[in-house]
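Analysis of the macromolecular model
The lines below spell out each chain.
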Amino acid sequence: MPPQWAAALLRLTLRGGSVYHLQHRDLSSAEPHYFVVLNLDPHADAFLILVVTSSKVDSVRRRSKNLPPDTLVEISPTEYQDPHFTLHSIVDCNHWFRVTKQELLQKLQAGLAWEKMSLPANILTELRHGMLASPLIEEDIKGLLR
C-alpha cells in the first residue's frame, strides 16, 4: 500500500538525490518522467531544483551539441537500479524545473507523483557538477547547489 503523504512524511524523505516519477506542466510529453532533486538542502530552500531524465539520448545530445559535454549526464539501468527505470537515459543539466515542496506534496497526495529509489551519490554529484558547468544556469540557482 502506498504511503499516505503528509508534510511530515515529505520532510522526512526529501533530500538531494530524491527521485520522483511525475508529469510536469513544462514538458511537452504528457508521460511521467523521472525527476531528481538537486538542492543541497531542499528543506531550507524556497523551491526544489529538479532535472529530468530522457530516454531520447541522441536527440538530447544533438540539441545540446554546442554546450559543454559535462552538462549531459547519462544514466544506465545498471547504475540506477530502480525496478521501473529500464531505459538508458540522459539528463540535460542545462535545463531545470522549479517545483515548490507544496506542489510536490499535492501531486504525491493526489497519486500524480510517486517516490522512487534515491539516486546513488556519484550520479547526484555528476548532475550537480553538470549544472554548475552550464553557461545557461543562473548564478543564484548554482548557489543552491554549492
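Shown above is the structure to which this text applies.
All of the points below concern the structure found in this document. From a predicted model like this one, the values you see are computed outputs, not experimental measurements.

This paragraph deals with the pattern of salt bridges. Summed over the entire model, instances satisfying the criterion amount to 6 salt bridges. The partner of Asp82 in a salt bridge is Lys116, and the shortest N-O contact between them spans 3.8 Å. Of the two residues, Asp82 is situated in the loop between strand E4 (72-75) and strand E5 (89-92) and Lys116 in strand E7 (residues 113-116); the sequence distance between them amounts to 34 residues. Each member of the pair, Asp82 as well as Lys116, carries the same accessibility label: buried. The residue Lys142 makes a salt bridge to Glu139 at a minimum N-O spacing of 3.7 Å. Here Glu139 and Lys142 lie together in helix H5 (residues 139-143), a separation of 3 residues that amounts to about one turn. Taken together, the shared-partner salt bridges connect Glu139, Lys142 and Arg146 into one network.

What follows deals with the side chain of Asp82. For Asp82, a relative accessible area of 6% puts it in the buried group. One polar contact links the side chain of Asp82 to the main-chain amide nitrogen of His84, over a distance of 2.9 Å. Apart from the residues lying within four places of it in its own chain, the contact partners of Asp82 are Tyr34, Lys116 and Met117.

Of all 7 residues in strand E3 (residues 48-54), 7 are buried, a share of seventy percent or more. Side chains Leu48, Leu50, Val52 and Ser54 of E3 all project onto a buried face; the interleaved residues Ile49, Val51 and Thr53 project onto the opposite face, where all are buried too. Here strand E2 (residues 33-37) pairs with E3 via 3 bridges, running antiparallel. Residue pairing across strands places Val37 opposite Leu50, the latter belonging to E3. Two strands pair when backbone bridges link them, and E3 and strand E6 (residues 97-99) are joined in this way by 3 bridges, in the antiparallel orientation. Counted as the bridge partner of Ile49 is Arg98 from E6. Looking at chain direction, E3 and E5 are connected through 2 bridges and run antiparallel. When the sheet's bridge partners are listed, Thr53 is paired in E5 with Val91.

Next up on the list: the environment of Val60. With respect to the helices and strands, Val60 occurs in helix H2 (residues 57-63). The spatial distance from the C-alpha of Val60 to the C-alpha of Ile90 is 7.5 Å, given a sequence separation of 30 residues. Apart from residues lying up to four places away in sequence, Val60 is in contact with Ser54, Leu72, Ile90 and Asp92.

Another point: helix H4 (residues 121-133). Note that an α-helix has 3.6 residues per turn; residues three or four places apart therefore point the same way. Relative to the 18 Å expected for 13 residues at 1.5 Å per residue, H4 spans 18 Å between its end C-alpha atoms, a close match to the ideal helical length. Of the positions making up H4, those classed as buried are Ile123, Leu124, Leu127, Arg128, Gly130 and Met131. End-on view of H4: buried residues confined to an arc of 155°, all on one side of the axis. In H4, the exposed positions angled more than 90 degrees off the buried face are occupied by Ala121 and Thr125. In the core, the buried residues of H4 are packed alongside E2, E3, E4, E5 and H5.

Here we take up helix H3 (residues 101-109). Looking at H3, one finds that the buried residues are Leu104, Leu105 and Leu108. Looking straight down H3, one finds its buried side chains confined to an arc of 100°; they lie on one side. Contact partners of the buried residues in H3: helix H1 (7-13), strand E1 (19-22), E3, E6 and E7. Count one or two residues on from H3 and you reach Gly111, which has phi positive near 75°.

Conventions adopted
Residues numbered from 1 in each chain as written. Predicted model: local features only at pLDDT ≥ 70, side-chain atom pairs only at ≥ 80, totals over all residues. Heavy atoms only, no water. Salt bridge = Lys/Arg side-chain N within 4 Å of Asp/Glu carboxyl O. Helix = DSSP H or I, 4+ residues; strand = E, 2+ residues; numbered from the N terminus. Buried < 20%, exposed > 50% of the residue type's maximum accessible area, 1.4 Å probe, protein only. Polar contact = N/O pair within 3.5 Å; in protein donor to acceptor, adjacent residues only side chain to side chain. Contact = heavy atoms within 4.5 Å. Pairing = 2+ DSSP bridges. Expected span 1.5 Å × (residues − 1). Arc of directions from axis to C-beta.

Function cannot be read off these values alone, since they describe shape.
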